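Breakdown of the fold
Residues per chain are reported as follows:
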Amino acid sequence: MEQRVSRSVAACTINHEESAVVRLKTSGNDGYTLCGCKTLPHGLQSLASGKERRFLGKLKSCCNIWKDDELVLSVVAECLLPLPASFPPDATPEEEREYCGIEAVYFVNKPEAYDCDIARFTSGHATDHNRLLLFYPAEPVRKVAKYLSEEHHILVAGTALLPLVHLSKFRDEPQVILELENSSVLLAISRHGAIEKLAFHQVKNQEEAEYFTMKELMENPICRETPVQVTGARADKGMLSLIGAETSYPLQPLGIPPSLSISNPQRFATSSPAVVKAISAAVMALELLQF
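Report on the accompanying structure. (Residues numbered from 1 in each chain as written. Predicted model: local features only at pLDDT ≥ 70, side-chain atom pairs only at ≥ 80, totals over all residues. Heavy atoms only, no water.)

A short note on a negative patch on the surface
Heads up, the rule is: Within the patch definition used here, like charges are joined within 9 Å and nonpolar side chains (Val, Leu, Ile, Met, Phe, Trp, Tyr) within 5 Å, considering only residues with over 30% relative accessible area and no salt bridge. All accessible-area figures derive from a Shrake-Rupley calculation using a 1.4 Å probe, and residue coverage is judged against the displayed protein chains alone. The term salt bridge refers to a side-chain nitrogen of Lys or Arg lying within 4 Å of a carboxyl oxygen of Asp or Glu. The sign given to each residue is positive for Lys and Arg and negative for Asp and Glu; His and the chain ends receive no count. Just so you know, the charge point we use is NZ for Lys, CZ for Arg, CG for Asp and CD for Glu. Helix and strand definitions follow DSSP, with helices as H or I runs of at least four residues and strands as E runs of at least two, each counted in order from the N terminus.
On the surface, Asp-90, Glu-94, Glu-95 and Glu-98 cluster together into a negatively charged patch. By the element assignment, Glu-94 lies in helix 3 (residues 93–107).

A few points about the nonpolar core
The nonpolar side chains of a soluble globular protein tend to be buried, and buried together. Defined as follows: Residues belong to a common nonpolar core when they are buried Ala, Val, Leu, Ile, Met, Phe, Trp, Tyr or Cys residues joined through side-chain atoms within 4.5 Å. We call a residue buried when its accessible area falls under 20% of the maximum for its residue type, exposed when it is over 50%, and partly exposed in between, using a 1.4 Å probe and counting protein chains only. Two residues qualify as a contact provided that any one of their heavy atoms is within 4.5 Å of a heavy atom in the partner residue.
Membership of the largest hydrophobic core comes to 38 residues, with the highest contact counts inside it found for Ile-14, Leu-59, Leu-73, Leu-80, Leu-134 and Leu-198. The leading source of residues in this core is helix 2 (residues 52–63), at five residues. Dropping the residues within four chain positions of it, Ile-14 is found in contact with Ser-19, Gly-43, Leu-44, Phe-55, Leu-59, Leu-73, Ser-74, Val-75, Val-76 and Val-144. One finds Leu-254, Val-276, Ala-278 and Ala-282 within the second-largest nonpolar core, a separate group that totals 27 residues.

Some thoughts on the pattern of salt bridges
If you walk through the whole model with that rule in mind, you get 13 salt bridges. A salt bridge links Glu-219 to Lys-215, with the shortest nitrogen-to-oxygen separation between them at 3.3 Å. Of the two residues, Glu-219 and Lys-215 both sit in helix 6 (residues 206–219), four residues apart, roughly one turn of that helix. Taking the relative accessible area as the measure of exposure, Glu-219 reaches 47% and is therefore partly exposed. Its relative accessible area of 26% is what places Lys-215 among the partly exposed residues. One network of salt bridges, in which partners are shared, links Lys-215, Glu-216 and Glu-219.

Some remarks on the packing of aromatic side chains
Any two aromatic rings considered together are summarised by their centre-to-centre distance and by the angle between their planes. What counts, and what does not: Only the six-membered ring of Trp is used, alongside the rings of Phe and Tyr, when aromatic pairs are assigned; centres must lie within 6.5 Å, and planes under 30 degrees apart are stacked while those over 60 apart are edge-to-face, with the rest tilted. Over a ring means this: the NZ of a Lys or the CZ of an Arg is within 6 Å of the ring centre and within 35 degrees of the ring normal.
For the structure shown, the criterion picks out three aromatic pairs. Between Phe-107 and Phe-135, the ring centres sit 5.5 Å apart and the planes meet at 45°, which makes this aromatic pair tilted. In this pair, Phe-107 sits in helix 3 while Phe-135 sits in strand 7 (residues 130–137), placing the two residues 28 residues apart along the sequence. With relative accessibility at 33%, the residue Phe-107 sits in the partly exposed group. Arranged with centres 5.0 Å apart and planes meeting at 75°, the rings of Tyr-211 and Phe-212 form a pair that is edge-to-face. A cation over an aromatic ring shows up here: Lys-60 above the ring of Tyr-147, its NZ or CZ 4.0 Å from the ring centre.

Section: unusual backbone geometry
Cis peptide bonds are those with omega within 30 degrees of zero, and the linkage from Glu-139 to Pro-140 qualifies with 15°. Structurally, Pro-140 is set in the loop between strand 7 and helix 4 (141–148).

Section: the packing of helix 6 against helix 8 (residues 237–247)
Using the following cut-off: Convention adopted: a line fitted to C-alpha atoms gives each axis, helices being fitted over their contacting stretch, and angles between N-to-C directions are expressed from 0 to 180 degrees. Working rule for angles: under 35 degrees goes down as roughly parallel, over 145 as roughly antiparallel, 65 to 115 as roughly perpendicular, anything else as oblique. Crossing handedness is defined as follows: a turn of the near helix away from the far one that is anticlockwise and smaller than a right angle gives a left-handed crossing, while the clockwise case is right-handed. Classification convention: Asp, Glu, Lys, Arg as charged; Ala, Val, Leu, Ile, Met, Phe, Trp, Tyr, Cys, Pro as nonpolar; all other residues, Gly among them, as polar.
Between helix 6 and helix 8, the least distance of the axes is 11 Å, while the angle of their chain directions is 40°. The pairing of helix 6 with helix 8 is recorded here as oblique in orientation. Both helix 6 and helix 8 take part in a crossing whose hand is right-handed. Here Gln-206, Ala-209, Glu-210, Thr-213, Met-214, Leu-217 and Met-218 of helix 6 come into contact with helix 8, specifically with Met-239, Leu-242, Ile-243, Glu-246 and Thr-247. Here the residues of the contact of helix 6 with helix 8 are counted per class, giving seven nonpolar, three polar and two charged.

Right, here's the structure in full:
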């Protein structure tokens, strides 16, 4: 088997209350080495609270530790508008981006204010050209990318969901992620790198968060059979106890699949959701660089 060329990237993920920057390098034919990991106790809330300049400065300093690497940026989505689409089988990435722009005109108000991630989508019909377009407000991704691009070449910038979906390539069973943030509830079911089910609800309070959480779990029987990875600011002991009492479904924290070979993880604190998302973004980017 031909040895793959060793590559490395830096990846930055911004959550609501925490951010992480990692450096990941390919190792052998199917493994990776975690070369560095930095976390900051600041996230989207710092961008919106008048501490933007200080936060971005700290973030750039972390990224500049690996200044020679290309950078992958992912930001948790505060609003996500999914749209199923079918692209021509031979569409190039550039053509797919053009199709997204056309769809945006008809799908969202002020399309210039939105960006779009493109995910593979099965929805019971496994083809290579079904897509789920994930529209999200372009800010703050554009703002952070512009700031960091002063020192780095930005390889990919988008939401943190797409890299997490990519992690399902490393699982035999479906991957179920339940993200409970202060203003949203997201349930994503994916398999082999493609989304099978995605639900996103904006919520105003705890009662709405509980309602949509239970609704999505109960309406998706796969959650009874596959561990549900729970993360987010509302994923506290009270919410987890409620889910456990009402459903008895298997729950676990967001994590890296055991089959994903990463050496050196014991050198760093890798259990936080921001670090998991940053590692997943780096893995996705390194796979893209191989082609």
